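# Structural characterization, general
In case you want the letters, here they are:
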Amino acid sequence: MASTACFVIVSKNDIPIYEAEVGTAPRKEEVAYQHQFILHAALDIVQDLAWTTSAMFLKSVDRFNDLVVSVYVTAGHTRLMLLHDSRNEDGIKSFFQEVHELYIKTLLNPLYLPGSRITSSHFDTKVRALARKYL
């Protein structure tokens, strides 16, 4: 069965710094734009929830048809957002934790300017491998 998944990292200033379609479903340009719109529309909900709980993994915060938005908020208020159609909550949490670790390693790179787009092909390859493993 083909799965739909779109992953975005949004900085604390609401600027997307990394985006990837990581699902196995066939990709269409209009659908990719719709996924981005759904994820960005959920940012207000995430911002409200982030201040009311101390948990980093906010589980599912929004729904659109059969798609669910799951969010992981870092200590620096960077949001890792995943739009998906799966019900594997443990796999999603593990995916977020490992991507958070990768993101921290990227932040520790002295050549990376925090808040700028992540263009590393190594980061992209690792995120896609983690998505295949957990999602």
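Use the structure listed above.
So, here's what we can say about the structure. (Residues numbered from 1 in each chain as written. Predicted model: local features only at pLDDT ≥ 70, side-chain atom pairs only at ≥ 80, totals over all residues. Heavy atoms only, no water.)

## Examining the packing of helix α3 (residues 89-107) against helix α4 (residues 121-134)
As a reminder of what qualifies: Here an angle of 0 to 180 degrees is reported between the N-to-C directions of two axes, which are lines fitted to C-alpha atoms, with helices fitted over the stretch in contact. What counts as a helix is a DSSP run of H or I of at least four residues, what counts as a strand is a run of E of at least two, and both are numbered from the N terminus. Here the word oblique covers every angle except those under 35 degrees (roughly parallel), over 145 (roughly antiparallel) and from 65 to 115 (roughly perpendicular). Note: crossing handedness is left-handed where the near helix turns anticlockwise from the far helix by less than a right angle, and right-handed where it turns clockwise. The contact rule is simple, with two residues in contact once any of their heavy atoms fall within 4.5 Å.
Orientation of α3 relative to α4, taken along the N-to-C sense of each, is 165°, at an axis distance of 9 Å. Relative to α4, α3 is oriented roughly antiparallel. You can see that α3 and α4 cross each other, and the crossing is right-handed. Here Gly91, Ser94, Phe95, Glu98, Val99, Leu102, Tyr103 and Thr106 of α3 come into contact with α4, specifically with Phe123, Lys126, Val127, Leu130, Ala131, Lys133 and Tyr134.

## Concerning the pattern of salt bridges
Rule in force here: Salt bridges are defined as contacts in which a side-chain nitrogen from Lys or Arg sits within 4 Å of a carboxyl oxygen from Asp or Glu. Residue burial is assigned from relative accessible area. The probe radius is 1.4 Å, only protein chains are included, and a residue is buried under 20% of its type maximum, exposed over 50%, and partly exposed in between.
Enumeration according to the criterion identifies three salt bridges in this entry. The partner of Arg79 in a salt bridge is Asp14, with the nearest N and O atoms 2.5 Å apart. Remark: Asp14 occurs in the loop between β1 (5-10) and β2 (16-21) and Arg79 occurs in strand β5 (residues 79-84); sequence separation between them is 65 residues. Under the relative-accessibility criterion, Arg79 is labelled buried at 5%. Between Lys59 and Glu89 there is a salt bridge whose closest N-O contact spans 3.7 Å. One end of the pair, Lys59, is in strand β3 (residues 57-64); the other, Glu89, is in helix α3, and 30 residues separate them in sequence. Since its relative accessible area comes to 42%, Lys59 is described here as partly exposed.

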